[in-house]
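Examining the three-dimensional arrangement
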Amino acid sequence: MTDTEYFVRDDVRNFLDMLEQMGGKGVEEVGAVEGRMQMRTLGTLAEAPPRDLPVKKDLTCPGPAGEIPLRLYDTKENREAGPCVVFIHGGGFVIGDIEVYNSLCTEIAHRLDLPVVSVEYRLAPEHPFPAAPDDCEAAARWIASSPEALGREITGLVITGDSAGGNLTIVTTNQLVNKPADVPVIVQAPIYPVASDVTQHSSFRSFAEGFLLTAASMAWFTDQYAGDASDPRHTPMVGDCSNTPPTVVCTAGLDPLRDSGREYAAHLIQQGTEVVYLEFPGIIHGFTTLRKAMPSGQKDLDAFLDAVELMVERYR
């Protein structure tokens, strides 16, 4: 199918046209190192500027293979005891880093008025599965312990992240449900996540090419990550998703991963989890970090964060 058969917003169409004119190669063609540089470059061109916050502080926490870099964001120098957001970035488990997601994390901290800790987990192919979930779980447990380095008393976790980070959001939440940390996960909020085998979905075929994230890139990311598809720490929906905390899921209408998010939200609803599901029509995968190029995506991010705020207020 061609994109003319789908609703595509004007600013999305313009962005996709710009990418086509630039004629860059896919990450599967250039490899991990160049792919990371490409993602940073795209961010400088297409992402909204970061918000100025009183607190932006680089930290580390102990991990299974050494120190894990973190970054703390907050709208307040000091605050009363309360929840903390754990942010897990996307990029196919291979690309992406704290800097690419800096603006988005400042936006989340600003909108929710909560501290945000962004996690720099180890990337494949240098560190294949399960390095990423190991690091994210270790970081979440450390944050939950209200360590002195954070300077904040944490009463609950709000775990969120996009794409591969959406997968790691679900995986980390499930691990902390199975073996509780010092404080509970009160809300999880995966953004266009990988929750099941995406190759089985019609959206994967419909949006395989021409919508930024391609089927070829997804296949390459999967190979680099080198995980076990039958392991729930790789594919959350093959495992037990019961007792999942209140959840906000959002998807993009023109995303090859769209149906995986749909399927996961429906599964949680069927088992009785409180869920807000938001699908944003006419926009592509990655819109939360491309808001300068696609300004309409800001309203979608606002709607998503409104839903997260609503859920946090109900359970904090």
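The structure presented is a predicted model; accordingly, all values stated were derived computationally and were not measured.

**A look at the environment of Ile283**
If you trace the backbone, Ile283 turns up in the loop between strand E8 (275-280) and helix H10 (296-315). Taking the C-alpha atoms as reference points, Ile283 and Lys57, 226 residues apart in sequence, are found 33 Å from one another. In this structure Ile283 touches Arg9, Val12, Ala252, Gly253, Leu254, Met294, Ser296, Gly297 and Asp300, once residues within four positions along its chain are discounted.

**Some thoughts on unusual backbone geometry**
Across the junction of Ala124 and Pro125, the peptide omega takes the value 0°, indicating a cis bond. Mapped onto the secondary structure, Pro125 falls in the loop between strand E4 (116-119) and helix H5 (131-144). In this chain, Phe129 is followed by Pro130 through a cis amide linkage whose omega measures 10°. Its place among the elements puts Pro130 in the loop between E4 and H5. Backbone geometry places Ser163, a non-glycine residue, at a positive phi of 60°. Mapped onto the secondary structure, Ser163 falls in the loop between strand E5 (154-162) and helix H6 (164-178). Even without a glycine there, the phi angle at Tyr192 is positive, about 30°. Classification of Tyr192 as buried rests on a relative accessible area of 0%.

**So, the nonpolar core**
Within the largest apolar cluster, 95 residues are counted, with the highest numbers of intra-cluster contacts made by Leu70, Leu157 and Phe304. Leu157 has contacts with Cys84, Val86, Ala140, Ile143, Ala144, Leu176, Val183, Pro184, Val185, Ile186 and Val187, leaving out every residue within four places of it along the chain. Counting 9 residues, the second-largest nonpolar core is a separate cluster that includes Ala195, Val249, Leu268 and Val275.

**Some details on the packing of aromatic side chains**
A full pass over the atoms with the stated rule returns 9 aromatic pairs. Their ring planes at 5° and their centres at 3.7 Å tell us that Phe93 and Tyr225 sit as a pair that is stacked. Residue Phe93 is located in the loop between strand E3 (82-88) and helix H4 (102-112), and its partner Tyr225 is located in helix H8 (residues 215-225); the two are separated by 132 residues in the primary sequence. Aromatic side chains Tyr192 and Phe287 sit 5.6 Å apart centroid to centroid with 65° between the ring planes, which places their arrangement in the edge-to-face category. On the criterion of sequence distance, the pair formed by Tyr192 in the loop between strand E6 (185-191) and helix H7 (202-206) and Phe287 in the loop between E8 and H10 is long-range, its members being 95 residues apart. Chaining the aromatic ring pairs together yields one cluster made of Tyr6, Phe207 and Phe211.

**Examining the pairing of E5**
Burial of E5 is extensive: 8 of the 9 residues sit out of reach of the surface. Bridge count for E5 against E6 is 6 bridges, and the pairing is parallel. The residue bridging Ile159 from the neighbouring strand is Gln188, located in E6. In this fold, E5 hands off to H6, which returns the chain to E6; that crossover is right-handed.

**Observations concerning the confidence of the model for the protein chain**
Summary statistics for the protein chain give a mean pLDDT of 96 and a share of 99% for residues scoring 70 or more. Considering each helix and strand of the protein chain separately, the mean pLDDT is smallest for helix H1 (residues 10-22), with a value of 96, and largest for E4, with 99.

**Let's talk about the packing of H5 against H6**
Across the interface, H5 lies against H6 with an axial gap of 9 Å and an inter-helix angle of 55°. The orientation of H5 relative to H6 falls into the category oblique. Regarding H5 and H6, the two cross each other, and that crossing is right-handed. Residues Ala132, Pro133, Cys136, Glu137, Ala140 and Arg141 of H5 form the contact with H6, whose own contacting residues are Leu168, Val171, Thr172, Gln175 and Leu176. Partitioned by chemical class, the residues of the contact of H5 with H6 number 7 nonpolar, 2 polar and 2 charged.

The rules behind these values
Residues numbered from 1 in each chain as written. Predicted model: local features only at pLDDT ≥ 70, side-chain atom pairs only at ≥ 80, totals over all residues. Heavy atoms only, no water. Helix = DSSP H or I, 4+ residues; strand = E, 2+ residues; numbered from the N terminus. Contact = heavy atoms within 4.5 Å. Buried < 20%, exposed > 50% of the residue type's maximum accessible area, 1.4 Å probe, protein only. Core = buried A, V, L, I, M, F, W, Y, C linked by side-chain atoms within 4.5 Å. Phe/Tyr/Trp six-rings, centres within 6.5 Å; stacked < 30°, edge-to-face > 60°. Pairing = 2+ DSSP bridges. Right-handed = clockwise from strand over helix to strand, strands pointing away. pLDDT = per-residue confidence, 0-100. Axes fitted to C-alpha atoms, helices over the stretch in contact; angles between N-to-C directions. Parallel < 35°, antiparallel > 145°, perpendicular 65-115°, else oblique. Left-handed = near helix turned anticlockwise from the far one by under 90°. Nonpolar A, V, L, I, M, F, W, Y, C, P; charged D, E, K, R; others polar.

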